[in-house]
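# Observations on chain architecture
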Amino acid sequence: RDLHYPLRRQRQMCIRDRDWSKTNVIAIALGKTVHLWNAASGTVQELCSVSQPDNFITSLTWSEEGRYIAVGTNYNMVQIWDAQNAKMLQNIGGHTSRVSSLSWNHNVISSGSRDCSIINHDVRLPRRCVSVLQGHTDEVCGLKWSPDASYLASGGNDNLLNLWDLRHVGGDKCDPIYTLDHHNAAVKALAWCPWQPNLLASGGGTTDRTIRFWNSTTGACLNAVDTRSQVCSILWSKRKREIISSHGYSQNQITIWKYPSMIPITELTGHTSRVLYMSMSPDGNTVVSAAADETIRFWKVFHYPHRSTLAKPKKSSCGLNHKVKMGLSLTLR
């Protein structure tokens, strides 16, 4: 199954503009607008838009429970939306350039920006900024909290991977506990292991091509694998000892690896340009990929004895069917 969407100017390595929630809804940013696609029913609704001529959506991510969504913009703002009621709850400033990356940690939303900073906002507080982290010299293109909320990993266009300890975030000391310079290109792809909270995977860009594994407690690099292609995103299987990576130049492939041996199990091809993003379905069976070839594809990569969470290929109330063009001719209601 694949969907088509228009290529826009924000289709860059440092921007993430789609995510799959625990409630089985995929949020997709198309230019100025965020659309919500229900993977069970196939229905689509428009959540929000930005109105300024040169503004557009630059990042988004669902909260853990799947009710709230954080949206970053080219106008340096972070918006918090109640997706169920289609209502904006907060419009948070603080950055001086676009918001490229976002990650939730319970009530804290962390935002990374082209201004090289990371701001941690507690959405419960009147003065929401609890800390500002300065550890990069270029755009913060990757940001991910660990499953146990102990560590924040940040990757930048400065080729650095920083690890931050939660005990230091919000206090007087806001330096990374480790600054890791092993990658030779931008570090956008970050993924924490679901069964080993201190195990982090990171991927480097075109001139690096490696996936590295880190012990966040010691800062040690446990392994490095040359993937032969730019690493754009990484996901861990929820129940198998496997990892999946998406790639750009030169192969544009999706690879499933056995962990920890990192023996390739299979390669998925079909995208004709770099595969910029991946998200996983709530049941862990299906991965959605979005590429610069203007398509979104669904891959049933991990087979568990669960009922599929994807909609059957039937026409939906908004005119979507099994193979849909998401271009200028599509009207989303």
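Residues numbered from 1 in each chain as written. Predicted model: local features only at pLDDT ≥ 70, side-chain atom pairs only at ≥ 80, totals over all residues. Heavy atoms only, no water.

## Quick look at the packing of aromatic side chains
- What the rule picks out here adds up to seven aromatic pairs.
- Judged by centre distance (5.1 Å) and plane angle (50°), the ring pair of F213 and Y259 falls under tilted. One end of the pair, F213, is in strand β20 (residues 210–215); the other, Y259, is in the loop between β24 (254–258) and β25 (263–268), and 46 residues separate them in sequence. In terms of burial, F213 and Y259 fall into one category: buried.
- Centroid distance W236 to Y259: 5.0 Å. Interplanar angle 75°. Geometry classified as edge-to-face. One end of the pair, W236, is in strand β22 (residues 231–236); the other, Y259, is in the loop between β24 and β25, with 23 residues separating them in the sequence. (Phe/Tyr/Trp six-rings, centres within 6.5 Å; stacked < 30°, edge-to-face > 60°. Helix = DSSP H or I, 4+ residues; strand = E, 2+ residues; numbered from the N terminus. Buried < 20%, exposed > 50% of the residue type's maximum accessible area, 1.4 Å probe, protein only.)

## Re the sheet that holds strand β16 (residues 161–165)
- Spatial strand order, β14-β15-β16-β17: four strands in an open sheet with antiparallel pairing. Bordering the open sheet on either side are β14 (140–145) and β17 (178–180), each of which pairs with just one other strand. Here the average twist between neighbouring strands, direction ignored, is 15°.
- Bridge analysis of β14 against strand β15 (residues 151–156) gives five bridges, and the strand direction is antiparallel. What sits directly across from L143, in β15, is S154. (Pairing = 2+ DSSP bridges. Axes fitted to C-alpha atoms, helices over the stretch in contact; angles between N-to-C directions.)

## Describing the sheet that holds strand β4 (residues 33–38)
- Taken together, the four strands give an open sheet; going across it, the order is β2-β3-β4-β5, and neighbouring strands pair in antiparallel fashion. Each edge of the open sheet carries a strand with a single partner, namely β2 (18–20) and β5 (44–49). Each strand of the sheet is rotated relative to its neighbour by a mean of 20°, with strand direction disregarded.
- Across five bridges, the pairing between β4 and β5 is antiparallel.

## Things to note about the environment of Y277
- Among the structural elements, Y277 can be located in strand β26 (residues 275–280).
- By relative accessible area, Y277 is classed as buried at 1%.
- Counting along the chain gives 259 residues from Y277 to R18, while the straight-line C-alpha distance between them is 7.6 Å.

## Details of the pattern of salt bridges
- Here the structure, examined in full by the defined rule, presents six salt bridges.
- Here D82 and R67 are joined by a salt bridge, their closest N and O atoms 3.0 Å apart. With D82 in strand β8 (residues 78–82) and R67 in the loop between β6 (57–62) and β7 (68–73), the pair connects residues that are 15 residues apart, well separated along the chain.
- Residues R228 and E267 are paired through a salt bridge, measuring 3.0 Å at the closest nitrogen-oxygen approach. Of this pair, R228 sits in the loop between β21 (220–226) and β22 while E267 sits in strand β25, and the two are 39 residues apart along the sequence.
- Accessibility expressed as a relative area gives 43% for R228, which makes it partly exposed. (Salt bridge = Lys/Arg side-chain N within 4 Å of Asp/Glu carboxyl O.)

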